[in-house]
Amino acid sequence: MALLPILRYPDPRLHKKATSVSQVDDSVRKLIADMAETMYEAPGIGLAATQVDVHKRVIVIDVSEDKSTLLAFINPEILERSGEQACEEGCLSVPGIYEKVIRSERVKVRALDLQGKPFTLQAEGLLAVCVQHEIDHLEGKVFVEHLSQLKQGRIKAKLAKQARITA
Ligand code: GNR
Ligand code: NI
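Computed from a predicted structure; not experimentally measured.

(A) Local environment of the coordination of the nickel ion (ligand 2). For the nickel ion (ligand 2), the full set of protein donor atoms is Cys91 (SG), His133 (NE2) and His137 (NE2), and the range of their distances to it is 2.1 to 2.3 Å. Donor residues for the nickel ion (ligand 2), ordered by position in the chain, follow C-x41-H-x3-H. A residue pair is termed long-range when its members are at least 10 positions apart, and Cys91 in the loop between β4 (85-89) and β5 (99-103) and His137 in helix α2 (residues 125-138) qualify at 46 residues. The same class applies to Cys91 and to His137, which are both buried.

So, in C-alpha cells, the structure goes:
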C-alpha cells in the first residue's frame, strides 16, 4: 500500500473528466487499496481518483463512525435521486473550507465492485452527499463550484493566502 499525494484546488487537474474503467484488474484493486489508505490517513470520509491525479472512474467512501465500512465504486452512476438536503461540506482538495451545499437526499447508485460485478446501493443522508460529492470529482467538479462566484473568489483568495504562509 502507498499514500498518494492529494491535488489542491485550484489545480487545473481537478477539472479533468475521468474515463470509465474497462477492466477491473489488479492495477485497479491496487489503486483502490492506495486510495483507501490515503483517505483514512488524511482523514476523510471519501476520495475520488481524480484527487490523486488518476483520471479513472473510481471512488472510495467510508462514512462509518469506526471506519470499518469501506465502500469502493468503479464506474459509479446515479440511477435515481429524490428529495433535497443541505450539508456543510468539506474537501481534502480544499483544506480548511466548509460550506453548505444543497444536494439530493436519496440516490440509487450502480457501480462495479472489486470483482467487476455490478451492484446497486440505495444511499441517503451523509452517504448520499458523499456519493454525489465524489461523482462530481470524476466529472472534474469541486464542491465550491456549487457556490456563488462571490464565494468562489473569496475561497480562492483565502487559499492563495494560506499557500503564501506555508511556502
Ligand atoms: O472528508 C470529507 N468530508 C466531507 C464532508 C461533507 C461532505 C463531503 C465530504 S467528502 C470529504 C473528502 C473528499 O474531499 N472527498 O472528495
Ligand atoms: Ni472532495
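Don't stop here, the text continues.
(B) Main features of the pairing of strand β7 (residues 118-124). Both strand β6 (residues 106-112) and β7 contribute to a ladder of seven bridges, which runs antiparallel. Note on β7: the bridge partner recorded for Val107 is Ala123.

(C) Here's a closer look at the sheet that holds β6. The strand order across the open sheet built from five strands is β1-β2-β3-β6-β7, with neighbouring strands paired in antiparallel fashion. Two strands bound the open sheet, and with one partner strand each, they are β1 (46-48) and β7. Averaged over all pairs of adjacent strands, the angle between their axes in this sheet comes to 40°, without regard to strand direction. Of the strand pairs in this sheet, strand β2 (residues 58-61) and strand β3 (residues 71-82) are connected by four bridges, and their pairing is antiparallel. Along β3, the bridge assignment pairs Val58 with Ile74. Where helix α1 (residues 26-41) meets the sheet, it contacts β1, β2 and β3, and its direction lies at approximately 40° from that of β2. Lying over the sheet, α2 contacts β1, β2, β3, β6 and β7, oriented at roughly 155° with respect to β2.

(D) Spotlight on the site of ligand 1. The environment of ligand 1 is made up of 13 residues, and the closest members are Ile45, Gln51, Leu92, Glu134 and His137. Here Gly46 contributes a backbone N or O atom positioned 3.1 Å from a nitrogen atom of ligand 1. Side-chain polar atom of His137 to an oxygen atom of ligand 1: 2.9 Å apart, as the coordinates give it. Considering ligand 1 on its own, with 390 Å² of exposed area, one finds that the protein chains cover 90% of that surface.

(E) Molecular detail of the environment of Leu138. Structurally, the position occupied by Leu138 is in helix α2. For Leu138, a relative accessible area of 0% puts it in the buried group. Ignoring sequence-local partners within four residues, the contact set of Leu138 consists of Lys16, Lys17, Ala18, Ala48, Ala49, Thr50, Lys56, Arg57, Val58, Ile59 and Pro76.

(F) Highlighting the pairing of β3. In this structure, β3 lies alongside β6, joined through six bridges in antiparallel fashion. Residue pairing for β6: Ile78 is matched across the bridge by Val109.

About the criteria used
- Residues numbered from 1 in each chain as written.
- Chains lettered and ligands numbered in written order.
- Predicted model: local features only at pLDDT ≥ 70, side-chain atom pairs only at ≥ 80, totals over all residues.
- Heavy atoms only, no water.
- Donors = N, O, S within 2.8 Å, 3.2 Å for Na, K, Ca; no water.
- Helix = DSSP H or I, 4+ residues; strand = E, 2+ residues; numbered from the N terminus.
- Buried < 20%, exposed > 50% of the residue type's maximum accessible area, 1.4 Å probe, protein only.
- Pairing = 2+ DSSP bridges.
- Axes fitted to C-alpha atoms, helices over the stretch in contact; angles between N-to-C directions.
- Contact = heavy atoms within 4.5 Å.
- Near = heavy atom within 4 Å.
- Polar contact = N/O pair within 3.5 Å; in protein donor to acceptor, adjacent residues only side chain to side chain.
- Areas by Shrake-Rupley, 256 points an atom, 1.4 Å probe, with all protein chains shown as cover.

Don't take any of this as a statement about function, it's just geometry.
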